[in-house]
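Residues per chain, in single letters:
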Amino acid sequence: MELFSSTFDTFFFDFLKMIEKSVKLLLYSYARSSCSWRVRSALHYKQLPFETRSVFIYGGEQHGPEYRRLNPGRMVPALVVIEANNNSSSKTLFESLAIIDYLEQRFPNPKNQSPLVPSGSDSPTSLSQRASVLAVAQAIVSGIQPLQNMAVMQFAADFALKESSSSASTSKSDQAQLALAWSRHWITTKFARLETILEPLSTTGKYCVGDRLTLADLCLVPQVYNALHYGVDVEGQFPLINKLYNRLLAEEECIRLGRPEAQPDWDPQRERAVSGF
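Residues numbered from 1 in each chain as written. Predicted model: local features only at pLDDT ≥ 70, side-chain atom pairs only at ≥ 80, totals over all residues. Heavy atoms only, no water.

Remark: helix H6 (residues 150-163) packs on helix H7 (residues 172-198), axes separated minimally by 8 Å, with the N-to-C direction vectors making an angle of 115 degrees. You can see that H6 and H7 cross each other, and the crossing is right-handed. When H6 is examined against H7, the residues Val152, Met153, Ala156, Ala157, Asp158, Ala160 and Leu161 are found in contact with a partner set consisting of Gln175, Leu178, Ala179, Leu180, Trp182 and Ser183. Residues that form the contact of H6 with H7 fall into these classes: ten nonpolar, two polar and one charged. (Axes fitted to C-alpha atoms, helices over the stretch in contact; angles between N-to-C directions. Helix = DSSP H or I, 4+ residues; strand = E, 2+ residues; numbered from the N terminus. Left-handed = near helix turned anticlockwise from the far one by under 90°. Contact = heavy atoms within 4.5 Å. Nonpolar A, V, L, I, M, F, W, Y, C, P; charged D, E, K, R; others polar.)

On to the environment of phenylalanine 238, then. Examined against the element boundaries, phenylalanine 238 turns out to sit in the loop between helix H9 (234-237) and helix H10 (239-251). In this structure phenylalanine 238 comes out as buried when scored by relative accessible area, which is 3%. Residues phenylalanine 238 and threonine 196, 42 residues apart in the sequence, show an inter-C-alpha distance of 9.5 Å. Those residues in contact with phenylalanine 238 that lie beyond four places of it in its chain are Thr188, Phe191, Ala192, Glu195, Val232 and Asp233. (Buried < 20%, exposed > 50% of the residue type's maximum accessible area, 1.4 Å probe, protein only.)

Glancing now at the pairing of strand E3 (residues 78-83). The buried fraction of E3 amounts to six of the six residues, a majority that puts the element mostly inside the structure. Residues of E3 alternate between two faces, with Ala78, Val80 and Ile82 on one and Leu79, Val81 and Glu83 on the opposite face, all of them buried. Bridge analysis of strand E1 (residues 23-29) against E3 gives six bridges, and the strand direction is antiparallel. Each bridged residue has a counterpart across the sheet, and for tyrosine 28 the counterpart in E3 is alanine 78. (Pairing = 2+ DSSP bridges.)

Let us now look at the pattern of salt bridges. The final tally for this structure, using the stated rule, is nine salt bridges. Between arginine 32 and glutamate 271 there is a salt bridge; the shortest N-O distance is 2.5 Å. Of this pair, arginine 32 sits in the loop between E1 and helix H2 (34-45) while glutamate 271 sits in helix H12 (residues 268-275), placing them 239 residues apart in sequence. The partner of glutamate 51 in a salt bridge is arginine 53, and the shortest N-O contact between them spans 3.0 Å. For arginine 53, a relative accessible area of 30% corresponds to the partly exposed category. (Salt bridge = Lys/Arg side-chain N within 4 Å of Asp/Glu carboxyl O.)

Of all seven residues in E1, six are buried; the element is thus mostly enclosed. In terms of handedness, the path from E1 via H2 over to strand E2 (residues 51-54) forms a crossover that is right-handed. (Right-handed = clockwise from strand over helix to strand, strands pointing away.)

Next up on the list: the packing of H7 against helix H8 (residues 215-229). Taken N-terminus to C-terminus, the directions of H7 and H8 make an angle of 140 degrees; their axes are 11 Å apart at the nearest point. One element, H7, and the other, H8, form an angle in the oblique class. For the pair H7 and H8, the crossing hand works out as left-handed. The segment H7 lies against H8, with Ile187, Phe191 and Leu194 engaging Leu220, Gln223, Val224 and Ala227. Here the contact of H7 with H8 is built from residues that sort into six nonpolar, one polar and no charged. (Parallel < 35°, antiparallel > 145°, perpendicular 65-115°, else oblique.)

In short, shape yes, function no, at least from these values alone.
Quick look at the structure:
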């Protein structure tokens, strides 16, 4: 077994070197973007080298002409894949789950690490587990995160002010509080449902689904981080979600390396000066 292990390690590190020579990965992201965090975690999980290009979304850089040409969707993240010895041969991927699926299909996992999305080909049980992983991921990515997206929060606050007779005297701080109230309401509502969904799936209490790290975990942690930032009482209201969050953030290196504070563009003061929260 030791001989096999040594052979595999040699093969894998040779493979990583081959990747570095054959492809260059540029990740356009923002430190506290939960969508970007998912992709950063997947890249670290697969031990893929990449360069970060910061897009300050609170300052509207995603709407600038240069980034719009790169990603017409005007959102982060975007992953530029530049093929070997041909800088003109590149492709830009966008939407976090699509990027992670590309990474899953193109690059194998390191030793002793399972796919982030189970293949489902082994048995009806593994097929069911695959469906559960995708369901939890989508419940977060489609059902929660968009409702607390910065642009949605700001629009909701502005709309509330327009409907209010006191809008003329409302301060930026008042606007921020309205945006936060909107966000807390929807995260709390959706987390109550997610807690119930996870109870039968998190069989070990260590991961969202089953006994290993999956895409669902990569989606959960950034969303809980945002919930805490917006003042949601996760510990008091959602014990399972809180337990999973704390364990994953403490013990899963790929998630920890992807956290906002570890990014080169982490600047909460600058962010707060623009957004108010």
